[in-house]
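Single-letter residue listing:
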Amino acid sequence: MAKVLQIQPVTRIEGHARISVHLNDSGNVENAYMSLMSLRGFEKFIEGRPAEEVPRIVSRICGICPWMHHTAGNKAVDGCFGVTPTPTGAKLRELLQVMAHINDKILHFFFLAAPDFVLGPDSDYSVRNVIGVVKAAPELAGRVVKMRQLGQMMIERFAGKAIHPVAAVTGGFSKPLPEAERRQMLKDSRTLLDFSLFALDFARNNVFNKYLEVIAELGAITTGFLGTVDREDGSLRLFDGKQRLMKPDGSCTDFEGDDYLDYLGEHVEPWGYGKMPYAKSWNEGFSLDLDDPRGIYRANTLARVNVCDKMGTPKAQEALEAFRSDFGRPAQATLLYHYARLIELVYACERTIELLEWDSITDTDVRAKVTPGAGRGVGVVEAPRGTLIHDYTTDADGCIESANLIVGTTHNIGPMNMSVKQAAAALIKDGVYDQGILNKVEMAVRAYDP
Amino acid sequence: MGVTTAMEWLSSCSGCEIAILNIGEELVPLLTEHLEVVHAPVIMDHKYFGQCGDEGGHLQIPEAVVGIVTGGVSNEEHVEVLQEMRRKCKVLIALGSCATHGGIPALMNGQDGARSFAEVYRTSSTDPGVSLPDQGVPALLDRTYALDEKITVDLMLPGCPPNPAHIAEAITALLENREPELPTKSVCDTCPTRREGKGGMHKVRRFIENVQFDPAKPVSDMRCLLEQGFMCMGPVTAAGCAKYGAPSCIEARVPCRGCFGPVLPKGNQMLDMMNALASNGIDCNSVVDRRSLLRFSGAHGKLRPLRQAVTGRTDNG
């Protein structure tokens, strides 16, 4: 008899989602959906707010990546008010945004994703979690907890708040970085770099090599990719650069963030609150058909390492070369998101050190003169979960007149739906399923770290 | 075995959950020895409708001694989950300002609900002609509610994010069967900045230039931000954010915006702030967008839609 399996809530992800698997009379997958269940309306309720206040409101879009919304929001307000941040102000923003990437990646890989690999996808749900990992591998877990805490506290001590930050401001930053704090941060960043290299090694040996077959198959789909690269040398960038949209065949179009409306559109289906961005500029419409997807590209870690020509830092570049020699470019296997995440973890640590070693990072000229007024600004950064776009228009008083947001996670809603369908159809046959199989379907979602 | 604990998040951002992780090294014994987590979507795989999603009917959360709920209530699923948590948990903690006072998502309460939500699907990048999704997604409520507007709450821990030390203290106190020790004062009462007296200030300024301070010196050397002429909500905001001595935004040399909610749970941050300014001879009209002084505490009917602006031509021309 036909029925619908409701995997709800989707767990060990960072938001509210449900997977519905529709089985036909013979127990095979007819269709499968992943729906976002929550809607808050940020684009509307920031209207009327003084624009300089908005970067500390939109941070609440995500408590895991608040620095991304905070910095993208600030860039957009700079644009509205026609202000260029001071060089040190801009670098301090990047420093904090890149440091926030470090914690995010540790959190996702070890706290949310690792239980599936350390304990196994089929292990019982009651132990398949971070508490189970702590019990199974206490030494590893202890180190992970310590490193994540170190990263968080590095941010918090300097910027006052790590979660829902306030220290990036229109025109730059609210305070300079004192030399003593710079030296301490540098020391801590080197500790984190060591850990990131350990994490990459650990994952290569204990996860990627062990689960090669699962990685090649689970949730596998073929799509394009979107990321940010350096305007000059095409290396991966998290804080600024030009956007690069890659087709499934590997051909690329580069564009400036300001022009995003010419390249991206958002499709809406009645079965989920999330909007689904797609490549409007490909002029092929929108379709999630597994055999003939249209307009579908992916964002987030795998996308960024696919679109970039290289990593801008040495250890991360070594890791990328090894990755490319194993999986090619573009790599399509969904579970490789985890691998790419750890390459980016190494990059984020190396980039943090570079920024802290920059001559003028402790300069006291951290904020440019700001005059509120009418204008439009588009702020783009790479959030852990994908390219983040904040687009604001202000009135003569410098208050928000309208806003458009394309949030990192949403780029992957379409692809996640495809991966869920692919995984469900491959794993559920003739009405046979169990909690381990359904967890594997969720693993196809978890790789995207939504 | 530890004390059974269930966690849920409603209209929220995960920041409260990250605050729990930020408890730090104490977290490991807490999670592995003192507590036994039986349900928590962010970290564990318990499902509402059976582990295979084929046990339809009412959503199920296991029984627990402690229940922690983050986020406000803004759709029908939130109501269902919250009621199930209340049924199954002996002690229910509202964690974070969204749960205690509506938080940032309750800014939507100042908008014309249904129309505003529809407009989210009419932005510059959204395909033309789409409407608000309505198939199998939980219907939106008329506004965002704090938890205590829907169920009885046993303990409120506000903050955006809440202070990890308070979370640890609340849980430890519960385990030790005593009252938790939590702050009761205002941000101002706990702020070490220097106050010199009123100083003839008549207006408050927007935060478009940095405050005056010597970066080489501690926060206690900096003059009070209100006295420097910046709008700062310290007087009308509950204390609790400080981790390194000073309130955390002041630590960043940035004025307070009220994220721990009102000092008294039923207080109104906007009215209280206007009174505080007026009693110091400061012109309330110098506050741009005063409604956003309720940006963390717009639930409990405090933030309401403005009367409909007249748009378009009237019959009289």
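Residues numbered from 1 in each chain as written. Chains lettered and ligands numbered in written order. Predicted model: local features only at pLDDT ≥ 70, side-chain atom pairs only at ≥ 80, totals over all residues. Heavy atoms only, no water.

So, the environment of A:Pro277
Residue and element names in this part refer to chain A.
Moving on, step 1. Residue position: Pro277 is located in strand 10 (residues 276–279).
Moving on, step 2. Residues Pro277 and Met246 lie 31 residues apart in sequence; the distance between their C-alpha atoms is 15 Å.
Moving on, step 3. Those residues in contact with Pro277 that sit more than four places away from it in its chain are Gly265, Glu266, Tyr297, Ile406, Thr410 and His411. (Helix = DSSP H or I, 4+ residues; strand = E, 2+ residues; numbered from the N terminus. Contact = heavy atoms within 4.5 Å.)

Comments concerning helix 2 (residues 66–81) of chain A
Moving on, step 1. The end-to-end C-alpha distance of helix 2 of chain A is 22 Å, a good match for the 22 Å that 16 residues give at a rise of 1.5 Å each.
Moving on, step 2. A:Gly82 occupies a position one or two residues after helix 2 of chain A and carries a positive phi of about 65°. (Expected span 1.5 Å × (residues − 1).)

Re the interface of chain A and chain B
Moving on, step 1. Across the contact, 104 residues belong to chain A and 86 residues belong to chain B.
Moving on, step 2. Summing the contributions of chain A and of chain B, the shared interface buries around 7900 Å²; its carbon and sulfur component is 58%.
Moving on, step 3. Counting the contacts that link chain A with chain B gives 10 salt bridges.
Moving on, step 4. Inspection of the chain A/chain B interface yields 54 residue pairs in polar contact (both at pLDDT 80 or more).
Moving on, step 5. Among the residues forming the side of chain A that touches chain B, the class breakdown is 51 nonpolar, 23 polar and 30 charged. (Buried area = accessible area lost by both parts, 1.4 Å probe. Salt bridge = Lys/Arg side-chain N within 4 Å of Asp/Glu carboxyl O. Polar contact = N/O pair within 3.5 Å; in protein donor to acceptor, adjacent residues only side chain to side chain. Nonpolar A, V, L, I, M, F, W, Y, C, P; charged D, E, K, R; others polar.)

Side note on the nonpolar core
Moving on, step 1. With 222 residues, the main nonpolar core has A:Val21, A:Phe110, A:Tyr392 and A:Ile428 as its most contacted residues.
Moving on, step 2. Residues lining this core come from more than one domain, with at least three contributed by each of domain 1 (3–175) and domain 2 (184–310) of chain B.
Moving on, step 3. In terms of nonpolar packing, the next biggest core, distinct from the first, is built from 23 residues, B:Val73, B:Leu92, B:Ala94 and B:Ala99 among them. (Core = buried A, V, L, I, M, F, W, Y, C linked by side-chain atoms within 4.5 Å. Buried < 20%, exposed > 50% of the residue type's maximum accessible area, 1.4 Å probe, protein only. Domains from an automatic or database assignment.)

Details of the environment of A:Val445
Residue and element names in this part refer to chain A.
Moving on, step 1. Here Val445 lies in helix 13 (residues 435–446).
Moving on, step 2. Assessed through its relative accessible area of 0%, Val445 is described here as buried.
Moving on, step 3. C-alpha separation for the pair Val445 and Leu335, spaced 110 residues apart in sequence, amounts to 9.3 Å.
Moving on, step 4. Ignoring anything within four residues of it in the chain, the contact list for Val445 reads Val10, Ile13, Ile19, Met34, Met416, Val420 and Pro450.

Description of the pattern of salt bridges
Side-chain pairs of opposite charge can arise where the charged atoms are in close proximity.
Moving on, step 1. Counted by the stated rule, this structure contains 54 salt bridges over all chains.
Moving on, step 2. Between A:Arg351 and A:Glu94 there is a salt bridge whose closest N-O contact spans 2.7 Å. Taken together, the residues A:Arg351 in helix 10 (residues 336–356) and A:Glu94 in helix 3 (residues 87–118) connect sequence positions 257 residues apart. The burial state of A:Arg351 is the same as that of A:Glu94; both residues are buried.
Moving on, step 3. Note that A:Arg157 is salt-bridged to A:Asp188, the shortest N-O span being 3.3 Å. With a gap of 31 residues between them, A:Arg157 in helix 5 (residues 138–159) and A:Asp188 in helix 6 (residues 179–208) connect regions that are remote in the sequence.
Moving on, step 4. Of the residues examined, A:Asp188 reaches a relative accessible area of 6% and is grouped as buried.
Moving on, step 5. One network of salt bridges, in which partners are shared, links A:Arg12, A:Asp116, A:Arg128, A:Glu442, A:Arg446, B:Asp45 and B:Lys47.

Quick notes on the packing of aromatic side chains
Moving on, step 1. If you walk through the whole model with that rule in mind, you get 18 aromatic pairs over all chains.
Moving on, step 2. For the pair A:Phe42 and A:Phe45, a centre-to-centre distance of 4.6 Å together with 50° between the ring planes defines the contact as tilted. In this pair, A:Phe42 and A:Phe45 both sit in helix 1 (residues 42–45), 3 residues apart, roughly one turn of the helix. Considered together, A:Phe42 and A:Phe45 belong to a single accessibility category, that of buried residues.
Moving on, step 3. Ring centres of A:Phe198 and A:Phe202 lie 6.1 Å apart, and the angle between their planes is 35°; this geometry places the pair in the tilted category. Of the two residues, A:Phe198 and A:Phe202 are both situated in helix 6; the distance of 4 residues between them amounts to about one turn of the helix.
Moving on, step 4. Through a chain of ring-to-ring contacts, three or more aromatic side chains come together here, namely A:Phe109, A:Phe110, A:Phe195, A:Phe198 and A:Phe202.
Moving on, step 5. Just above the ring of A:Phe239 sits the side chain of A:Lys75; from NZ or CZ to the centre is 4.3 Å.
Moving on, step 6. One residue, B:Lys150, lies across the ring of B:Tyr145, its end atom 3.9 Å from the ring centre. (Phe/Tyr/Trp six-rings, centres within 6.5 Å; stacked < 30°, edge-to-face > 60°. Lys NZ or Arg CZ within 6 Å of the ring centre and 35° of its normal.)

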